[in-house]
There are 2 protein chains.
Amino acid sequence: MSLPIKDDEIDIVIGALHSDLTSFMNAWRPIFSRFHLIIVKDPDLKEELKIPEGFNLDIYKKLDIDRVVGTSTSIIFSGYSCRYFGYLVSRKKYIISVDDDCLPAKDNKGFLVDAVAQHITNLTTPATPFFFNTLYDPFTEGADFVRGYPFSLRSGVTCALSCGLWHNLADYDAPTQALKPEERNSRYVDAVLTVPARTLMPISGINIAFNRDVVGPALLPCLRLAGEGKFRWETMEDIWSGMCVKVICDHLGLGVKTGLPYVWRNDRGDAIASLRKEWEGVKMMEEVVPFFQSLRLPQEATTAEDCVVEVANAVKEKLGSKDPMFARTANAMLDWVKLWKSVGGSSSSPGA
Amino acid sequence: MSLPIKDDEIDIVIGALHSDLTSFMNAWRPIFSRFHLIIVKDPDLKEELKIPEGFNLDIYKKLDIDRVVGTSTSIIFSGYSCRYFGYLVSRKKYIISVDDDCLPAKDNKGFLVDAVAQHITNLTTPATPFFFNTLYDPFTEGADFVRGYPFSLRSGVTCALSCGLWHNLADYDAPTQALKPEERNSRYVDAVLTVPARTLMPISGINIAFNRDVVGPALLPCLRLAGEGKFRWETMEDIWSGMCVKVICDHLGLGVKTGLPYVWRNDRGDAIASLRKEWEGVKMMEEVVPFFQSLRLPQEATTAEDCVVEVANAVKEKLGSKDPMFARTANAMLDWVKLWKSVGGSSSSPGA
C-alpha cells in the first residue's frame with residue numbers, strides 16, 4: 001500500500017515491558033520493516049532485550065534516559081510511560097505506537113490489517129469535529145458527507161491524533177474485566193470517525209498515532225497512580241494524557257479520530273488481583289471529568305506547549321488540594337514542557 | 001426476537017408517496033406484520049393506494065388530514081411531510097418510520113435485518129451523551145464501557161431518538177449524488193453510538209424511530225423549501241426537524257443514537273435534474289448551523305412542547321429577517337405545538 005507521505009516521516013515507538021520481543025517483532029515484520037523503530041526499554045526491566053534481526057531501529061535504555069533527562073525532574077519513565085521517552089527523542093512528523101502485547105489483527109474479510117497505513121490515512125485526511133457525519137469518515141473510500149452536512153465545514157481540519165481499537169482482550173478497567181473474565185471483543189466495526197469538538201473520551205495508549213509536530217508535547221507521561229503496575233487496567237497515564245490532548249486539540253482547532261485500525265491484544269494478567277489497585281483510577285475519573293469538561297484555555301495559548309502549561313496551572317489550582325497526586329502531575333507536566341523544549345525540539349526534520 | 005416491550009406500544013408510520021405499496025409491504029411483511037401500521041397517503045398523490053392483505057393498519061388520506069387539522073394552519077402535510085400526520089394521531093409510546101422506497105437490508109452475515117427490533121433496542125437501552133465510549137454502544141451484547149469511562153455516567157439517560165442508516169443509495173444531497181452518480185453505499189458498520197451532547201448532526205427521516213412520549217412534538221413538518229419535490233435529496237424538512245430535536249434532547253438530557261439498523265434504499269430519480277432545487281437547501285444550512293450551535297433554551301422549558309415554542313421564537317428573532325422561509329417555519333412550529341396539544345395528546349395509552 002502506498003502512503004501519501006514518505007516512510008521516513010514516520011517513527012514507530014515501542015515501549016518494551018517484556019524482554020523477549022521476538023514473536024511481537026516477527027508478527028509485525030511485514031508492516032513495520034519499512035519504517036524506523038524506536039524501542040524504549042522499561043527502566044524497571046532487568047533482563048536483556050531479545051529483538052530479531054532485520055529492523056532499522058534505535059534502542060533506548062535506563063542509562064540513555066538518565067543521560068538525556070537527568071534525575072532532577074518529576075517525570076518517571078517506567079512501565080507504560082517509557083514510550084513517551086521515544087516520543088521525546090523522535091524527530092519525525094508522525095508517531096505510531098502499539099503495546100508490546102498486541103499483534104496485527106485481521107479485518108472482517110480475514111486479511112491482515114496494516115495498522116500503520118490506516119493510522120497514516122487517518123492522520124493525513126481531514127477531521128470533522130464541528131458537525132457529525134452519520135456515514136462516519138467522509139474521506140473513506142466509498143463514503144461522503146450526507147445530505148444536510150454544511151458545505152463550509154466539509155474541508156475539515158488537521159487530524160492530530162488517531163486512536164485505534166482492540167480485538168480479543170478489550171481495554172476494560174479491572175472491575176469490568178474481573179466481572180466478565182470470559183468476555184472478548186470480536187466485533188469488527190468498519191469505521192473511523194471524528195470525535196466531536198468538546199466531547200471527552202477515554203483515550204487508550206494501546207494503539208495510537210499522532211502528528212508529533214502539532215501535538216507531540218501534549219502526549220505526556222505525567223500522571224501515575226500509587227499502585228500502578230505493569231497491566232494496562234492498572235494504569236491511567238494514557239487516559240490522563242488523552243484528556244489533556246483532547247482539550248488541547250479542541251482549543252487549537254485540531255481533530256481526533258477513533259475507530260480503525262484494530263490490533264489483537266493477547267490475554268495476560270489477573271484482573272481480580274488488580275482490582276484493589278484500580279480503584280484509585282476509577283475514583284480519580286469522577287474528579288477529573290468535570291474539571292476537563294469545564295476547562296477553557298486562554299486565546300494566547302497557540303501551541304501545544306503553551307496549552308500544556310495552561311492545563312498544568314489549572315490542575316494545580318482546581319485539583320491540587322483534592323489529592324497530592326494532582327499536584328505531582330501538574331509539576332510533572334511543567335517539567336515535561338521544559339524537557340520537550342530543550343530535548344524534543346519543535347520542528348520535524350525527516351530523515352534526521 | 002422478543003422485544004423488551006409489548007408489540008402494542010409501537011406504531012409503524014409509513015408516508016405513502018407511491019400508490020402501489022405491494023412490493024414494499026410484502027418485503028417488510030416478516031418484520032411489520034406483528035405491529036399496528038399507520039399509513040398516511042401524500043395528499044398530492046391522486047391514484048388509489050394498493051396495499052396487500054394481512055396487515056393491521058389504519059390509512060389516512062387528504063380528507064382525514066383536512067378534517068383533523070383544518071385548513072387554517074401554516075403546516076403543509078404533502079410529500080415527505082405526510083408522515084408527520086401519522087406521528088400526530090398515533091397514541092403509542094414508540095414510533096418507527098421508514099421511507100416507502102426502502103426495503104429490509106441484510107447484515108454482514110447475509111441475514112435479514114430486523115429494523116424494528118434494532119430500533120426498539122436502541123430506544124430501550126440507555127444513551128450516553130456526556131462522554132464518548134470508544135467501543136461504541138456499551139449496551140450492545142459483547143461490549144461494555146472502556147477503561148477510563150466515569151462510573152457515574154455509566155447508567156446513561158433515556159434514548160429518545162434512534163437514527164438508522166442506508167445501504168445502496170446513500171442519503172447524499174443532489175450535488176454529491178450528481179457528482180458521484182455511480183456511488184452506492186455497501187459498507188456495513190456494525191455499530192450503534194450515542195451522538196454526544198451539543199454535537200449537531202444531519203438527521204435523516206428515511207429510517208428513524210423515537211419515543212413519542214418524550215420527544216413526539218419535536219419531530220415536526222415545518223420547514224419547506226420553495227422548490228421541494230418528491231425526492232429525498234430535494235427536501236430539508238427532516239434535517240430541520242432533526243436540528244430541533246437534537247437541541248431539544250440536549251436541553252432535556254435525552255439521548256440520540258445513530259448507526260444500526262440499515263435499510264436498503266432503491267435507486268430512483270435524477271439527481272442532476274434536482275440540482276437547481278437543492279441549492280436552496282445547501283445555502284440554508286450555512287445560516288442554520290451557527291444558529292442551532294449557539295441556541296440555548298431557558299430552564300423553564302421542561303417539555304418538548306415548551307422547547308419547540310422556544311426554538312420557534314428564537315428562529316423568528318434570529319433568522320426571521322434573513323429569509324421569509326424562516327418566518328414561515330417559525331409560524332408552522334407554533335401551529336404544530338397547538339395542534340399537538342389539541343390532537344396529539346401528551347400521554348400514551350398502549351392498546352388504544
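As the structure is a computational prediction, the values presented were derived from the model and not from experiment.

1. Remarks on the relation of the copies chain A and chain B
Phase 1 of the analysis: The two copies are related by a screw operation: chain A maps onto chain B through 180° of rotation and 0.0 Å of translation along the axis, at an RMSD of 0.0 Å. The transformation relating the two chain copies, once decomposed into turn and shift, fits a two-fold axis. Using C-alpha coordinates, one finds that chain A approaches the rotation axis most closely at A:Val189, a distance of 2.7 Å.
Phase 2 of the analysis: By residue overlap, the copies meet face to face through one surface: 100% of the interface positions of chain A are interface positions in chain B.

2. Quick word on the pairing of strand S4 (residues 94-98) of chain A
Residue and element names in this part refer to chain A.
Phase 1 of the analysis: In terms of burial, S4 is largely enclosed, as 5 of its 5 residues are buried.
Phase 2 of the analysis: Side chains Tyr94, Ile96 and Val98 project from S4 onto one buried face, and the interleaved Ile95 and Ser97 project onto a second face that is buried too.
Phase 3 of the analysis: The sheet contact formed by strand S1 (residues 10-16) and S4 spans 4 bridges and is parallel. Residue Asp11 lies in a different strand from S4, and its bridge partner there is Ile95.
Phase 4 of the analysis: Strand direction decides the pairing type here: S4 and strand S8 (residues 207-211), joined by 5 bridges, are antiparallel. The residue bridging Ser97 from the neighbouring strand is Ile208, located in S8.

3. With respect to the UniProt feature "site: Required for activity" (unreviewed entry) in chain A
Phase 1 of the analysis: The feature "site: Required for activity" (unreviewed entry), as annotated in UniProt, sits at A:Arg147 and A:Arg154 in this numbering.
Phase 2 of the analysis: Residue position: A:Arg147 is located in the loop between helix H4 (115-124) and strand S6 (159-168).
Phase 3 of the analysis: Here A:Arg147 falls in the buried class, since its relative accessible area comes to 0%.
Phase 4 of the analysis: Beyond its immediate chain neighbours, meaning those up to four positions away, A:Arg147 contacts B:Asp171, B:Tyr172, B:Asp173, B:Pro202, B:Ser204, B:Gly205, B:Arg232, B:Trp233, B:Thr235, B:Met236, B:Asp238 and B:Ile239.
Phase 5 of the analysis: Among the polar contacts made by the side chain of A:Arg147, one reaches the main-chain carbonyl oxygen of B:Arg232 at a distance of 3.5 Å.

4. Some remarks on the packing of helix H9 (residues 304-319) of chain B against helix H10 (residues 324-344) of chain B
All names here are of chain B.
Phase 1 of the analysis: Direction vectors running N to C along H9 and H10 enclose 165°, while the axes themselves pass 8 Å from each other. Taken together, H9 and H10 sit at an angle that is classed as roughly antiparallel. Seen along the crossing, H9 lies across H10 with a hand that is left-handed. Contact residues: Glu305, Val308, Val309, Val311, Ala312, Asn313, Val315, Lys316 and Leu319 in H9; Phe326, Ala330, Asn331, Met333, Leu334, Val337, Trp340 and Lys341 in H10.
Phase 2 of the analysis: Class assignment of the residues belonging to the contact of H9 with H10 gives a composition of 12 nonpolar, 2 polar and 3 charged.

Criteria and thresholds
Residues numbered from 1 in each chain as written. Chains lettered and ligands numbered in written order. Predicted model: local features only at pLDDT ≥ 70, side-chain atom pairs only at ≥ 80, totals over all residues. Heavy atoms only, no water. Least-squares fit on C-alpha atoms with pLDDT ≥ 70 in both. Contact = heavy atoms within 4.5 Å. Buried < 20%, exposed > 50% of the residue type's maximum accessible area, 1.4 Å probe, protein only. Helix = DSSP H or I, 4+ residues; strand = E, 2+ residues; numbered from the N terminus. Pairing = 2+ DSSP bridges. UniProt positions renumbered as here; feature names shortened; annotations may be inferred. Polar contact = N/O pair within 3.5 Å; in protein donor to acceptor, adjacent residues only side chain to side chain. Axes fitted to C-alpha atoms, helices over the stretch in contact; angles between N-to-C directions. Parallel < 35°, antiparallel > 145°, perpendicular 65-115°, else oblique. Left-handed = near helix turned anticlockwise from the far one by under 90°. Nonpolar A, V, L, I, M, F, W, Y, C, P; charged D, E, K, R; others polar.

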